[in-house]
Amino acid sequence: MKERIDFLSQKLHFLNAQYYQNSKSEVTDYQFDLLLKELQLLETQFPELKNPNSPTERVGGTITKNFKNVNHRYPMLSLSNTYSKDELFDWENKFIKLLPTSVLENHKISFFCEQKFDGVAISLIYENGQLKQAITRGDGQKGDDITANAKTISSIPLVIIGDNIPPYFEVRGEVYFPLANFEKLNKEQEELGEQLYANPRNTASGTLKLQDSAEVARRGLDCFMYYLLGENLPFISHEESMKQLEKWGFQVSNTYQKCESIEQVWNYIEIWETKRLNLPLATDGIVIKIDDFFIQSELGLTSKSPRWAIAFKFKAESVATILEKVTFQVGRTGAITPVANMKPVLLAGTTIKRATLHNEDEILRLDLHEGDTVFVEKGGEIIPKITSVDISKRVFNSPKILFIKKCLECGTELERKPEESAWFCPNEKGCPPQIKGRIAHFIHRKAMNIDGLGEETVDSLFEAGLIKTYADLYELSFNQLLSLERFAEKSAQNAIDGLKKSVEIPFEKVLFGLGIKFVGSTVADKLAKNFKNIENLQNASLEELVSTPEIGEKIALSVRAWFSDLENIHLIEKLKSFGLQFKIEEKEITNESEVLKGLTFVISGTFNTFSREELQDKIVANGGKILSGVSGKLNYLVAGENMGPSKLEKANKLGVKIISESEFLLLL
Ligand code: IVH
């Protein structure tokens, strides 16, 4: 089995490297998946044989509750910026003055030009050809250890294949959200009626810090590498080191170019200013590096940035147009979003007529007046935004744009919580878009997924006075549906059937469908898995909620608030009476052995090979018992990373045996 596991791992690493070196593979995607599935299966059967850098790490599954903050061996510097041709040429004059004449006489100065990728900087540490650690930039001196999440990015080699691999080196690069994947993610958000992610960069950054690496894997980040560091590496130029990175299977963007003069650099910049818009990721400039390592070391670094490199930043494209009016939208949660409606204008290839204004502060910041000439920009953001107003074109006496005081839909006075920037319509129960929004959310594909019902039907049913809550859907009769304009016998029957079928939808989806603020589908999954049924969740204290993986105080408070509303409790009772699922289906744990019979365990912290649930299942499947807390009766405390200090202290005091994940595997 070990031989087969090693064979499969090596084969998959090889295929992966080949794919990123030559953009081709000797096997089809399907064959690749089969090999990966086989390896996954073997690893679940023989977890002790699994390599920490197994190709199966790509799919994720590790939960990291707290990311360790670790030191960078070499600080992660930034780059100084230039914005014009003059500034760029000045940079050359400046560094030439810093170099001794002897150096200038004996060395030719070439430049290596690359895209400035608009993502998140990452440092990858390799020891003996194995990926050991992946660290975010942090403050440049210390960053977060996000190794498990980085391993899900398939262009990051986990194992280097090749000759003469230095025993220690670091590779730096930029993790980014490919635009296509970013759009896909936002489409999902849109369908769910959830807030859109503002731009690919921030979303890449947020994704790298997710606790659940399986979700990181699902979102599809990617990475370009642009810097190799280490001690006594045998390369004499940046170009050489980049070529080596490519050979080792790292992904280096093929947009780079070596330039022999600063004029050539300028030419590269001019070409890429528009060409970059066709790249599959966001870029915001060009990075220019002096190629020769000897000259690099002569010039050295300042405390902030190297003197041998500079960034040229492109200006975001901006156009002027007229602000016609500001409208206000009421969302499912009652949040009011102001939207600027403008005279249509062409910007970065698309016609723009609406821009988000975010909130009241933004309107005040811009000091918007009706009919203003405004500048609109589309930087990394997908939704264009107004950056400034051309005051010189303001029409005399034109009225100031005021934020509404009352909800335009229901007339209720708006409220604003001190810690939030948005105004809300507090009339949750009576404001039509909020009521309809909640029902539309409930029937959504990712929630109850009810065939035969759509958002428009919800609108009509609500207008006809037939529904006020999602529970009312289950009381609809065939004839009531038929009475709606767009319904015929067949479509009415479809809706009835869809509703009937939806009672089988699993608890986590029902929970998501309830529409509790901040409980998105991932959070609903976690809550359902952790609390098993709605009663446990309803009775959970704030502390219990917060100690659930991935659940912070904001979510916990919102859950508590939702369950403290009696009308919601009635809703649940009503849904229960229609037969909806309010507990998770217990999975059958198949007995593997009795080797742990009579032994008790407590699990704490996070683990490499198993998720906590898998570890629990493993214990039960082998005859062991899980206890809820450390006591004198306890046999073993299985300690993962970042476990709570109080548990550890108590176990030590009581003389409970503390074992690691691998020691646990030995017990089996
Ligand atoms: S080189 C010591 N090359 O820009 C120099 N950086 O403003 C190390 N960046 O923190 C950086 N594309 O996150 C380099 N081709 C590229 C880059 C790049 C994007 C980012 C990087 C860095 C920031 C500096």
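Everything numeric here is computed off the predicted structure, so don't read it as measured data.

Calculation criteria
Residues numbered from 1 in each chain as written. Predicted model: local features only at pLDDT ≥ 70, side-chain atom pairs only at ≥ 80, totals over all residues. Heavy atoms only, no water. Helix = DSSP H or I, 4+ residues; strand = E, 2+ residues; numbered from the N terminus. Buried < 20%, exposed > 50% of the residue type's maximum accessible area, 1.4 Å probe, protein only. Contact = heavy atoms within 4.5 Å. Lys, Arg positive; Asp, Glu negative; His and termini not counted. Charge placed at Lys NZ, Arg CZ, Asp CG, Glu CD. Pairing = 2+ DSSP bridges. Axes fitted to C-alpha atoms, helices over the stretch in contact; angles between N-to-C directions. Left-handed = near helix turned anticlockwise from the far one by under 90°. Expected span 1.5 Å × (residues − 1). Arc of directions from axis to C-beta. Polar contact = N/O pair within 3.5 Å; in protein donor to acceptor, adjacent residues only side chain to side chain. Near = heavy atom within 4 Å. Areas by Shrake-Rupley, 256 points an atom, 1.4 Å probe, with all protein chains shown as cover. Salt bridge = Lys/Arg side-chain N within 4 Å of Asp/Glu carboxyl O. Phe/Tyr/Trp six-rings, centres within 6.5 Å; stacked < 30°, edge-to-face > 60°. Lys NZ or Arg CZ within 6 Å of the ring centre and 35° of its normal. Parallel < 35°, antiparallel > 145°, perpendicular 65-115°, else oblique. Nonpolar A, V, L, I, M, F, W, Y, C, P; charged D, E, K, R; others polar. Core = buried A, V, L, I, M, F, W, Y, C linked by side-chain atoms within 4.5 Å.

A. Highlighting the overall build of the protein chain. Looking only at helices and strands, the protein chain has 25 helices and 22 strands in total. Here the C-alpha coordinates of the protein chain stretch approximately 90 × 85 × 50 Å along the principal axes. Residue burial in the protein chain is summarised as follows: out of 668 residues, 48% are buried. Considering only contacts within the protein chain whose residues lie at least 6 apart along the sequence, 67% involve residues at least 24 apart. One finds the centroid of the 81 positive side-chain charges in the protein chain at a distance of 2 Å from the centroid of its 93 negative side-chain charges.

B. Representation of the sheet that holds strand β20 (residues 625–626) in the model. The 4 strands are arranged β20-β19-β21-β22 in an open sheet whose pairing can be described as parallel. Edge positions in the sheet fall to β20 and β22 (657–659), since each has one partner strand and no second. Relative to strand β21 (residues 636–639), strand β19 (residues 600–604) runs parallel, the two sharing 4 bridges. Across the sheet, residue I603 finds its bridge partner in β21, namely V638.

C. Region of the structure containing the packing of helix α1 (residues 2–22) against helix α2 (residues 29–45). Close contact between α1 and α2 brings their axes to 10 Å; oriented N to C, the two are set at 145 degrees. Remark: the crossing between α1 and α2 carries left-handed chirality. Counted together, R4, I5, L8, S9, K11, L12, L15 and N16 of α1 and F32, L35, L36, E38, L39 and L42 of α2 form the full contact between these two elements.

D. Summary view of helix α6 (residues 179–191). Here α6 is 13 residues long and its end C-alpha atoms lie 18 Å apart, about the 18 Å a rise of 1.5 Å per residue gives. Inspection of α6 places F182, L185, N186, E188 and Q189 among the buried residues, and these make up the whole buried set. Here the buried residues of α6 occupy an arc of 150 degrees about the axis, which is enough to place them on one side. In α6, the exposed residues that point more than 90 degrees away from the buried face are A180, K184, K187 and E190.

E. Representation of the side chain of N149 in the model. Mapped onto the elements, N149 comes out in helix α5 (residues 147–150). There is a polar contact of 2.8 Å between the side chain of N149 and the backbone oxygen of L208. If near-sequence neighbours (up to four positions away) are discounted, N149 is found in contact with F67, T207, L208, K209, L210, D212, S213 and V216.

F. How the structure looks around the site of the ligand. In the vicinity of the ligand there are 15 residues, among which E114, Q115, F117, E174 and Y226 approach most closely. Here a nitrogen atom of the ligand and a side-chain polar atom of E114 are 2.7 Å apart. Y226 places a side-chain nitrogen or oxygen 3.2 Å from an oxygen atom of the ligand. Protein contacts shield 91% of the accessible area of the ligand, which totals 520 Å² for the unbound molecule. Contributing elements (two or more residues each) for the shell around the ligand: β3 (111–117), β8 (222–229) and β10 (283–290). If you tally residues by element for the shell around the ligand, the top one is β3, at 4 residues.

G. Just the pattern of salt bridges, in detail. One pass over the structure, following the stated rule, counts 37 salt bridges. Note that D118 is salt-bridged to R201, the shortest N-O span being 2.9 Å. A residue pair is termed long-range when its members are at least 10 positions apart, and D118 in the loop between β3 and β4 (120–127) and R201 in helix α7 (residues 200–208) qualify at 83 residues. Its relative accessible area of 14% is what places D118 among the buried residues. The salt bridge partner of K501 is D451, with a shortest N-O separation of 3.6 Å. Note that K501 is positioned in helix α16 (residues 489–501) and D451 in the loop between α13 (432–443) and α14 (455–463), a separation of 50 residues in sequence. Residue classification places K501 among the exposed positions, given a relative accessible area of 53%. A relative accessible area of 43% places D451 in the partly exposed class. Within this structure, E188, E215, R218, R219 and K446 form a network of salt bridges that share partners.

H. Layout of the packing of aromatic side chains. Within the structure shown, the criterion is met by 24 aromatic pairs. The structure contains a cluster of three or more aromatic residues connected by ring pairs, namely F117, Y176, F224 and Y226. Above the face of the Y168 ring, R73 is positioned so that its terminal group lies 3.7 Å from the ring centre. Lying over the aromatic face of F518, K554 brings its terminal NZ or CZ to 4.3 Å of the ring centre.

I. Main features of the sheet that holds β3. Strands sit in the order β2-β11-β10-β3-β9 across an open sheet of 5 strands; the sheet is mixed. Pairing within the sheet leaves two strands with one partner each, and these edge strands are β2 (81–82) and β9 (257–259). Pairing geometry for β2 and strand β11 (residues 309–313), over 2 bridges, is parallel. Paired with T82 across the two strands is F312, which belongs to β11. The sheet strands contacting helix α9 (residues 238–247) are β3, β9 and β10, and the helix crosses β3 at an angle near 55 degrees.

J. Layout of helix α21 (residues 553–563). Here α21 has its buried residues at I555, A556, S558, V559, W562 and F563. Take α21 and look down its axis: the buried residues cluster within an arc of 165 degrees, on one side only. In this structure, α21 carries E553 and K554 as exposed residues pointing more than 90 degrees from its buried face.

K. Focus on the packing of α13 against α14. Two numbers describe how α13 lies on α14: the axes approach to 9 Å, and their chain directions differ by 135 degrees. Comparing the axis directions of α13 and α14 gives the class oblique. Of the two elements, α13 crosses α14, and the hand of that crossing is right-handed. Counted together, P432, I435, K436, I439, A440 and I443 of α13 and E455, V458, D459, F462 and E463 of α14 form the full contact between these two elements. Residue composition of the contact of α13 with α14, by class: 7 nonpolar, no polar and 4 charged.

L. Expanded view of the nonpolar core. Counting residues in each nonpolar core, the largest one holds 56 residues, and the members touching the most others are F442, L473, Y474, L511 and L527. Among all residues touching Y474, those that are not within four sequence positions of it are F442, M448, I450, L499, S502, V503, L575, F578 and L580. Core analysis: the next-biggest nonpolar cluster, separate from the first, contains 35 residues, Y126, I146, F177 and F182 among them.

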